[in-house]
Amino acid sequence: MPQTSHDRLLIIDFGSQVTQLIARRLRELNVYCEIHPFQTVTPEFLKVFAPRAVIFSGGPASVFADGAPMPPPEVFGLGVPILGICYGQQVMMQMLGGHVERGHGTAEFGRAYVTPTSQRIDLLEGWFAETREQVWMSHGDHVSRIAPGFEVFGISPNAPCAIVADDSRRFYGLQFHPEVHHTPNGARIYENFVRLAGFKGDWTMEAYRAEAIARIRAQVGDAKVICGLSGGVDSSVAAVLIHEAIGDQLTCVFVDHGLLREGEAEQVVTMFRDHYNMPLIHANEQELFLGALDGVSDPETKRKIIGGLFIDVFQKHAGEVGGAAFLAQGTLYPDVIESVSFSGGPSVTIKSHHNVGGLPEKMGLKLVEPLRELFKDEVRALGHELGLPEAFIGRHPFPGPGLAIRCPGEITREKLAILRRADAVFIDQIRRHGLYDEIWQAFVAILPVRTVGVMGDGRTYDFACALRAVTSVDGMTADYYPFSHDFLGETATRIINEVPGINRVTYDITSKPPGTIEWE
């Protein structure tokens with residue numbers, strides 16, 4: 001349930017791969033929204049959530065399928081604006097008395113063009129200045145007859161009801177996806193929708209900071225809190241925010257699990273212990289973690305081992321603090337989304353997040369997660385609001401499992417040492433060329449293969465590595481960074497010359513999706 005006093009927009013998720021982009025577009029407009037799987041949206045939920053507006057996401061299902069995802073009928077009686085997108089439009093039409101037709105040669109996937117009818121509505125203000133609008137379609141079925149009270153305001157070659165509306169009830173349906181980049185003017189529709197819904201656009205980082213501090217104080221009271229500090233943006237912002245709320249009731253625990261980047265432990269300890277004067281425990285647990293990971297190659301097993309040991313280490317140090325009652329984490333909204341099925345039931349998990357899913361009862365600690373509602377760029381904005389140094393706010397994301405998931409296959413101390421050095425050279429190259437701030441995340445992965453090479457007229461048989469650098473806004477989607485061949489050649493030469501153990505360098509040009517940003 002929402003923890004904010006601001007007007008709320010509810011996104012009912014029917015399983016679209018781009019539902020998160022809807023939330024991003026709304027957050028950019030300073031509108032607070034939450035994504036909830038359709039199965040969890042009950043009439044009781046709607047009463048408690050009390051949304052000012054509702055959006056139905058797209059999805060892969062057909063309204064004709066047995067058990068097709070549907071919202072509760074009560075949503076149409078809330079008296080608030082509703083926007084249905086793609087499958088969401090078809091759901092709206094089917095439930096309100098229209099007709100959806102199975103795809104028979106009328107499917108549209110990818111770029112399409114929508115042209116207007118003679119009528120106009122406020123939702124389309126700023127549209128059709130050039131007669132037609134480019135949109136992104138992804139549908140097989142389509143609406144063939146609109147529900148009573150609706151009119152058609154836009155058509156495409158294979159979608160005779162591309163834009164429909166019952167303007168009196170403020171119900172709107174779009175067959176295309178306005179949230180994606182390939183609908184260039186799509187953001188304007190969201191601007192119009194939240195304006196006609198009456199949102200004030202007052203959900204800012206300044207407001208969030210004050211509200212989060214008040215919530216932390218109310219939740220914690222006079223109890224002690226330990227915070228899992230990794231030194232990344234998320235845990236750093238969480239630590240500073242909580243420290244501002246409760247001061248020395250907070251003790252940070254920095255777990256050095258032997259899977260950190262070069263020089264990272266020293267940087268983190270210096271900043272938080274010296275600069276912020278926070279109580280900080282530097283837990284050197286390298287032998288514990290690396291011993292448990294010895295011989296393990298499966299990526300999910302690695303994540304679960306690391307997550308379990310984090311819990312054990314926090315539990316141990318909570319005892320040292322003397323009666324800590326809470327554990328604070330830098331869990332973000334994308335972590336939550338990626339770890340939970342849209343259907344609310346069994347599904348394929350892309351990857352486990354060690355900081356999502358609650359705590360074992362044996363810990364006896366409650367969770368404090370002040371960033372759980374935020375996307376990554378919002379966390380950076382909050383960091384600016386809190387006055388964190390730019391060097392920390394602008395750092396590329398670093399995963400909780402650390403270098404373990406950049407070392408496919410079995411983890412060894414030798415491979416970790418090689419990986420640390422190669423990663424340091426790569427990041428140094430990016431900084432030297434002034435590219436660091438253009439890139440969302442960059443790192444090296446050491447591959448579980450050795451290759452033959454020639455150095456100094458001698459044969460080598462060393463590891464290959466892959467460079468990875470991506471651009472992104474929130475980590476939900478990403479594309480590879482287009483380095484020049486000169487940069488890649490120079491970087492490969494430096495790594496091979498400066499990092500004993502590597503004799504071959506590759507560059508990963510996979511986008512997300514279909515890949516993930518990290519290798520494991």
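Up top you'll find the structure we're talking about.
Asker: Is there a simple way to think about the nonpolar core in this case?
Answerer: Considering soluble globular proteins, one finds that nonpolar side chains tend to be buried as a cluster. Grouped together as the largest cluster of nonpolar side chains are 95 residues, with contacts concentrated most on I226, F272, L371, L382, F426, I430 and F483. If you tally residues by element for this core, the top one is helix 6 (residues 233-246), at 9 residues. Not counting the four nearest positions on each side in its chain, F272 is found in contact with L229, S236, A239, V240, N277, M278, L280 and F392. With 41 residues, the next largest nonpolar core counts I11, L83, W127 and F176 among its residues.

Asker: What am I meant to see in the side chain of D256 here?
Answerer: With respect to the helices, strands and loops of the structure, D256 is situated in strand 13 (residues 250-256). Of the side chains with opposite charge, R420 comes closest to the buried, unpaired D256, at an N-O distance of 6.3 Å. Sequence-distant contacts of D256, defined by excluding residues within four places in its chain, comprise A265, H282, A283, N284, E285 and Q286.

Asker: How should I be thinking about the pairing of strand 2 (residues 32-37) in this particular structure?
Answerer: Walk down a regular strand and you will see the side chains alternate between the two sheet faces. For strand 2, the buried fraction is high: 6 of the 6 residues fall into the buried class. Bridge count for strand 1 (residues 8-13) against strand 2 is 6 bridges, and the pairing is parallel. The residue of strand 2 that forms the bridge with I11 is I35. For the handedness criterion, the β-α-β arrangement of strand 1, helix 1 (residues 19-28) and strand 2 is classed as right-handed.

Asker: What is the right way to read the sheet that holds strand 15 (residues 324-328) from this model?
Answerer: Adjacent strands of a sheet form backbone hydrogen bonds with each other and so pair up, either parallel or antiparallel. Read from one edge to the other, the open sheet built from 5 strands follows the order 14-13-12-15-16, with strand pairing classed as parallel. The open sheet has two free edges, formed respectively by strand 14 (280-284) and strand 16 (366-368), since each of these has just one partner strand. Ignoring strand direction, the axes of neighbouring strands in this sheet form an average angle of 30 degrees. With 3 bridges joining them, strand 15 and strand 16 adopt parallel strand pairing. Considered in strand 16, the bridge of A328 is made with V368. Running at roughly 165 degrees to strand 16, helix 5 (residues 205-220) makes contact with strand 12 (224-229), strand 15 and strand 16 of the sheet.

Asker: For this particular structure, what's the right way to read the pattern of salt bridges?
Answerer: Any two side chains of opposite charge can pair, given that their charged atoms come close. Evaluated as defined, the whole model comprises 28 salt bridges. For the salt bridge of R24 with D377, the shortest nitrogen-to-oxygen distance reads 2.4 Å. Of this pair, R24 sits in helix 1 while D377 is found in helix 11 (residues 376-386), placing the two residues 353 residues apart along the sequence. Take R24: its relative accessible area is 2%, and that puts it in the buried class. Using a relative accessible area of 25% as the deciding quantity, one classes D377 as partly exposed. Residues participating in the shared-partner salt-bridge network are E262, R421, D428, R432, R494 and E498.

How each quantity is defined
Residues numbered from 1 in each chain as written. Predicted model: local features only at pLDDT ≥ 70, side-chain atom pairs only at ≥ 80, totals over all residues. Heavy atoms only, no water. Core = buried A, V, L, I, M, F, W, Y, C linked by side-chain atoms within 4.5 Å. Buried < 20%, exposed > 50% of the residue type's maximum accessible area, 1.4 Å probe, protein only. Helix = DSSP H or I, 4+ residues; strand = E, 2+ residues; numbered from the N terminus. Contact = heavy atoms within 4.5 Å. Lys, Arg positive; Asp, Glu negative; His and termini not counted. Salt bridge = Lys/Arg side-chain N within 4 Å of Asp/Glu carboxyl O. Pairing = 2+ DSSP bridges. Right-handed = clockwise from strand over helix to strand, strands pointing away. Axes fitted to C-alpha atoms, helices over the stretch in contact; angles between N-to-C directions.

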